[in-house]
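Residue strings, one per chain:
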There are 2 protein chains.
Amino acid sequence: MTFEVLAEPVRRRILDLLRERPRLVGELTAELGLSQPGTSKHLRVLREAGLVRVRAQAQRRWYELDPAPLAEVDAWLAPYRWMWADRFDALERHLDADAAQEAAQETEEER
Amino acid sequence: MTFEVLAEPVRRRILDLLRERPRLVGELTAELGLSQPGTSKHLRVLREAGLVRVRAQAQRRWYELDPAPLAEVDAWLAPYRWMWADRFDALERHLDADAAQEAAQETEEER
DNA sequence: GAGCTATATAACCGCAAGGCAATGTTTTGG
DNA sequence: CCAAAACATTGCCTTGCGGTTATATAGCTC
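Residues numbered from 1 in each chain as written. Chains lettered and ligands numbered in written order. Predicted model: local features only at pLDDT ≥ 70, side-chain atom pairs only at ≥ 80, totals over all residues. Heavy atoms only, no water.

An unreviewed UniProt entry annotates chain A as Winged helix-turn-helix transcriptional regulator of Pseudonocardia humida.

(A) Just the pairing of strand 2 (residues 52-57) of chain B, in detail. All names here are of chain B. Note: strand 2 against strand 3 (residues 60-65), 6 bridges, orientation antiparallel. Looking at the pairing, A56 lines up with R61 of strand 3. What sits between strand 2 and strand 3 in their antiparallel hairpin is a turn of 2 residues, with A58 showing a positive phi close to 60 degrees. (Pairing = 2+ DSSP bridges. Helix = DSSP H or I, 4+ residues; strand = E, 2+ residues; numbered from the N terminus.)

(B) Fine view of the relation of the copies chain A and chain B. Between chain A and chain B, which share one sequence, the superposing operator has a rotation angle of 180 degrees and an axial displacement of 0.0 Å; the RMSD is 0.0 Å. Expressed as an axis order, the relation between the two copies is that of a two-fold axis. Scanning chain A for the C-alpha nearest the rotation axis identifies A7 of chain A, at a separation of 3.0 Å. A high fraction, 100%, of the interface residues of chain A reappear at the interface in chain B, so the copies pair face to face through one surface. (Least-squares fit on C-alpha atoms with pLDDT ≥ 70 in both. Contact = heavy atoms within 4.5 Å.)

(C) Inspection of the protein's contact with DNA strand D at higher detail. Around DNA strand D, 22 residues are found, and the nearest of them are K41 and H42 of chain A together with Q36, S40 and Y63 of chain B. Considering the 4 Å shell around the protein, atoms of DNA strand D inside it are sugar or phosphate in 60% of instances. Contact between DNA strand D and R11 of chain A: a phosphate oxygen at 2.9 Å from a side-chain N or O atom of the residue. Here Y63 of chain B contributes a side-chain N or O atom positioned 2.7 Å from a phosphate oxygen of DNA strand D. Elements represented by at least two residues in the surface near DNA strand D include exactly helix 2 (9-20) and helix 4 (36-48) of chain A together with helix 3 (25-32), helix 4 (36-48) and strand 3 of chain B. Class assignment of the residues belonging to the surface near DNA strand D gives a composition of 8 nonpolar, 8 polar and 6 charged. (Near = heavy atom within 4 Å. Polar contact = N/O pair within 3.5 Å; in protein donor to acceptor, adjacent residues only side chain to side chain. Nonpolar A, V, L, I, M, F, W, Y, C, P; charged D, E, K, R; others polar.)

(D) Focus on the interface of chain A and chain B. Residue-level contacts link 37 residues of chain A with 37 residues of chain B. Both faces considered, chain A and chain B share a buried interface measuring about 3400 Å² in area, 67% of it formed by carbon and sulfur atoms. Scanning the region where chain A abuts chain B turns up 2 salt bridges. Put simply, R81 of chain A and D74 of chain B hold a salt bridge, and the shortest N to O gap is 3.0 Å. Applying the counting rule to chain A against chain B returns 8 residue pairs in polar contact (both at pLDDT 80 or more). When contributions to the side of chain A that touches chain B are tallied by element, the ones reaching two or more residues are helix 1 (2-6), helix 2, helix 5 (70-81) and helix 6 (87-109) of chain A. (Buried area = accessible area lost by both parts, 1.4 Å probe. Salt bridge = Lys/Arg side-chain N within 4 Å of Asp/Glu carboxyl O.)

Given below as structure tokens:
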């Protein structure tokens, strides 16, 4: 389940934000530039995946990170990790390839 | 893009199979228990994500793993990695929680 | 307690994703 | 050559997801 949850870019951003410090729904909504219900919906998914916890303080909800389920992702990734020799070089090569491919896809979409 | 591609359980299984050795489309189709076009469709997605490469030999296509894009996932995961103290304990706890939650969800779905 | 604040939930919409059957393409074998 | 083998692509259907607006709920404030 964790993989599906992380597939959403918005949800990864939420986790990245919560990595710094706990946040209110309102703060997240502002930083993500989406509607409040949209944010709440993503938070619900993250909650059910166990990736975030909530503390209620009056009407406010403090959302904080719970990284435990990420261990599942890490575990899946583990047997692959030795395979790319220089990890950072591989990432850079991949990102370059991405840029090239996106350009190619745009060309393709113009047909 | 890599995260979205990995969200599909079937595609993760394909990668796991290719981690052992390159395979033909037919072999994968058999092991995945899905239609041949279904398999080809997933392979196309994996190809476009740069996660697999193909070598043609007559009508046969040997698919092999290319782990490079996984570096992107690893890079995203990196700043979280220190956060779960004992990695394996965290995973076990999470998997236990999963089982409990799935049971709870089934109960919920019965309404 | 009336209204405001902060968040959750509900209802609806559009689209993309995954599945299958049918068909196209290429290469091999006889 | 012709039939079969091995894949890829196409077309179609259904489902689920992400987004928004509208509405409910809960707690604070004055």
